[in-house]
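# Architecture and fold: a report
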Amino acid sequence: MPVRILFVCYENICRSPMAEGAFGHAASLHGSDACFEIESAGTVCYQSGSSPDHRAVRAAGRHGIDISAIRARCIDDLDLACFDRIFAMDAENYRDILDALDGLPVPVHMMTDFAHSDAGAEIEDPYYGSEAGFDRTMERLLHSATGIVSALRAAYNLPADAAEAGAIFQHTQRGDER
């Protein structure tokens, strides 16, 4: 059974879909993509159904990652208890996730908790900035995702590659289903 991961930002149109793509990419590079089911959501519902910001799509694309099929959704529409780990982009999202969990025993982390050089730091929202800000955010997300993959492979004693896992890639490309 794959480890279910949720990435959360404010509106699910910039950071969390970029994190979803970054994590899928990092898991694939480590041969562990079959071990994870990856999703993203926002703490608010303003953008539900929207595509990721075009700057986020371009920043991910520059790394060979396609996040264009992801559609924004809200944590209020999810059963948070079905996730094995939830990763927040900033302290406000972290608190909102804890409130939404209302005591459910799902581990919540900052996105950077497993990024050794950046552990515990917030991933700034690039929305009101330049295209370069999206590129910086994507770089940080990729760095963080690599640390998360390594940490979760060890924590869940996951196989080193997909052939060993004997599973089908579970990355959720929900597109219209979201």
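Our structure's up above, just so we're on the same page.
For the rest of this paragraph, the subject is the packing of aromatic side chains. This model, assessed by the stated rule, comprises six aromatic pairs. Between Phe7 and Phe23, the ring centres sit 5.5 Å apart and the planes meet at 50°, which makes this aromatic pair tilted. Taken together, the residues span a long stretch of sequence, with Phe7 in strand β1 (residues 3-9) and Phe23 in helix α1 (residues 15-29) at a distance of 16 residues. For Phe7, a relative accessible area of 0% translates into the label buried. Take Phe23: its relative accessible area is 0%, and that puts it in the buried class. Seen in terms of ring centroids, Tyr127 and Tyr128 are 4.8 Å apart; in terms of plane orientation they differ by 90°. Their pairing is edge-to-face. On the basis of relative accessibility, which here comes to 32%, the residue Tyr127 falls in the partly exposed class. Aromatic ring contacts, followed pair by pair, group Phe7, Phe23, Phe36, Phe87 and Phe114 into a single cluster. The side chain of Arg4 reaches across the aromatic face of Phe83, ending 4.6 Å from its centre. For Arg55, the ring lying beneath its charged end belongs to Tyr127, and the centroid distance is 5.4 Å.

A few words now on helix α4 (residues 131-155). A rise of 1.5 Å per residue sets the reference length of α4, with its 25 residues, at 36 Å; its end C-alpha atoms lie 36 Å apart and thus fit the reference within 8%. In the stretch just after α4, Asn157 is the one whose phi turns positive, near 50°.

Okay, unusual backbone geometry next. At Asn12, a position not held by glycine, the phi torsion is positive, near 65°. A positive phi is found at Asn157, a non-glycine position, where the angle reads about 50°. Of note, Asn157 is situated in the loop between α4 and α5 (162-165).

Basis of the calculations
- Residues numbered from 1 in each chain as written.
- Predicted model: local features only at pLDDT ≥ 70, side-chain atom pairs only at ≥ 80, totals over all residues.
- Heavy atoms only, no water.
- Phe/Tyr/Trp six-rings, centres within 6.5 Å; stacked < 30°, edge-to-face > 60°.
- Helix = DSSP H or I, 4+ residues; strand = E, 2+ residues; numbered from the N terminus.
- Buried < 20%, exposed > 50% of the residue type's maximum accessible area, 1.4 Å probe, protein only.
- Lys NZ or Arg CZ within 6 Å of the ring centre and 35° of its normal.
- Expected span 1.5 Å × (residues − 1).

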